[in-house]
Amino acid sequence: MGSIQERRKPVKTTVIIPNYNGIDYLENCLRSLEGCFGDKPPTFEVCIIDNGSEDGSPEMAERLFPWVRLIRFPENRGFCAAVNEGIIRAETPYVFLLNNDTTVDPGCIRRLERRMDNDSRLFSVAVKMLSMQQPDIMDGAGDRYNALGWAFAIGKGRPSTDYNTPMSVFSACAGAALYRKAYLEKTGLLDELHFAYLEDVDLGYRARIAGYKNSYEPTAKVYHAGSASTGSRYNPFKITHSSRNSIYLIYKNMPFFQLLLNLPFLAAGFLIKTLFFCTKGYAGVYLKGLGEGFRLCFTPEARRRKVRFKPADFGHYITIQLELWINIFRRR
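Please read all numbers here as calculations on a predicted model, not as lab measurements.

Scanning the protein from terminus to terminus reveals 12 helices and 12 strands. In summary, the protein has a C-alpha radius of gyration of 19 Å against a globular reference of 20 Å for 332 residues, a match within 12%. For the protein, the C-alpha atoms occupy an extent of roughly 60 × 40 × 40 Å along the three principal directions. Pairs at least 24 apart in sequence give 76% of the contacts found in the protein among residues at least 6 apart. Here the protein displays about 15000 Å² of accessible surface, and carbon together with sulfur accounts for 56% of that area. Charge-centre separation for the protein: the mean point of 44 positive side chains lies 7 Å from the mean point of 34 negative side chains.

As a further point, take the side chain of N253. Checked against the element boundaries, N253 lands in helix α8 (residues 236-253). Residue N253 is classed as buried on the basis of its relative accessible area of 0%. Engagement of the side chain of N253 in a polar contact is seen with the side chain of D202, the distance being 3.0 Å. Here N253 is in contact with D202, Y205, R206, I209, Q258, V307 and Y317, once residues within four sequence places are set aside.

Taken as a whole and assessed by the stated rule, the structure comprises zero disulfides. In this model C47 remains outside any disulfide bridge; the closest cysteine sulfur is found in C29, 13 Å from its own. The cysteine C173 is free of any disulfide, with C80 supplying the nearest cysteine sulfur at 12 Å.

Here we come to the pairing of strand β12 (residues 213-224). Summarising the sheet, strand β5 (residues 102-104) and β12 pair through three bridges and their orientation is antiparallel. Bridging from a neighbouring strand, T103 pairs with Y223 of β12. Where strand β6 (residues 122-131) lies against β12, eight bridges are found, and the strand directions are parallel. The partner of S124 across the bridge, within β12, is N214. As paired strands, strand β10 (residues 167-168) and β12 are joined by two bridges and run antiparallel to one another. Directly across from M167, in β12, lies its bridge partner Y216.

Looking now at a nonpolar patch on the surface. Where nonpolar side chains cluster on the molecular surface, the patch consists of F257, L261, F265, F309, F314, I318, L322, W325 and I326 and spans about 770 Å² of accessible area. Residue assignment for the nonpolar patch shows that the elements contributing at least two residues are α9 (256-280) and α12 (314-326). Position of F314 relative to the elements: it lies in helix α12. When its relative accessible area of 40% is taken as the criterion, F314 is described as partly exposed.

Right, let's talk about the pattern of salt bridges for a bit. This model, assessed by the stated rule, comprises 17 salt bridges. With a closest N to O distance of 3.3 Å, E34 and R31 form a salt bridge. Of this pair, E34 and R31 both sit in helix α2 (residues 26-35), separated by three residues, roughly a single helical turn. Taking relative accessible area as the criterion, R31 reaches 36% and is therefore assigned partly exposed. Several salt bridges converge on common partners, so that one network encompasses D191, D202, R206, K252 and R305.

The rules behind the values
- Residues numbered from 1 in each chain as written.
- Predicted model: local features only at pLDDT ≥ 70, side-chain atom pairs only at ≥ 80, totals over all residues.
- Heavy atoms only, no water.
- Helix = DSSP H or I, 4+ residues; strand = E, 2+ residues; numbered from the N terminus.
- Rg over C-alpha atoms; globule rule 2.2 N^0.38 Å.
- Contact = heavy atoms within 4.5 Å.
- Areas by Shrake-Rupley, 256 points an atom, 1.4 Å probe, with all protein chains shown as cover.
- Lys, Arg positive; Asp, Glu negative; His and termini not counted.
- Charge placed at Lys NZ, Arg CZ, Asp CG, Glu CD.
- Buried < 20%, exposed > 50% of the residue type's maximum accessible area, 1.4 Å probe, protein only.
- Polar contact = N/O pair within 3.5 Å; in protein donor to acceptor, adjacent residues only side chain to side chain.
- Disulfide = S-S within 2.5 Å.
- Pairing = 2+ DSSP bridges.
- Patch = residues over 30% accessible without salt bridge, like charges linked within 9 Å, V, L, I, M, F, W, Y side chains within 5 Å.
- Salt bridge = Lys/Arg side-chain N within 4 Å of Asp/Glu carboxyl O.

So this is what it looks like as structure tokens:
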């Protein structure tokens, strides 16, 4: 892996991998990162933040990948807390957030860095995330968010050839995305009240309010197993946290005038989602999560984190609002 002198060469990016009982995936993820180096010295740092795993995955990482930095929490503090710890400890201008159930194309990080270098207003760059089981099918090209209160992965389930053009996105999916650390220090890091789900949309929303941009880079590819931690696309843990956080996301980022403007759309969106989860047998779980979201918004912690409206940002809110309306009609 190169000499000590080689390893101390300045690098641009720290790869941050949150891990919780990821024994089935973590080794392949790290092997793919190792493959990015080839015979050359490492061009990025890798930091694993372990959330109290009990499956031997952190021990495996220490044994097989001694060049990786390992930080261990005694308990599961959630995705956001793990990622934030990695960001705080990173000493590079960029951080690449990466799920443990992924493998990385050899040129991915280099291409993300090049895209970020070429546009100083970029807050984040999303990768072309592909299904590990079906590599010609998209898992996501970043996220859209709309006035119905829905966030969704762009292109999920569609042919990868449909997404070969760079584009702006509402937010990058934190499962595999490059962020500019200097801007993270201005917007604030991931909100740990989320614990998991929609924390990346919240982060991208805050960046947009501040006037930064989020983009998608199709030449940077990552393969994603999907649902590695929770076990399925729909399950009580995911539905509860997603619905809870969807309420908190709106409360936190929409000033009062924008909330009033979107209220009819939001009411329709939550009604449609309730009917949808009725068909899946999870209506009670979904409604419970919404209730938890409303209760969260009345806590002192949530009030402290609410983004305060600044007149200087009014133009950014107008741009965001137009996008929220347009995204009602865009599903790809």
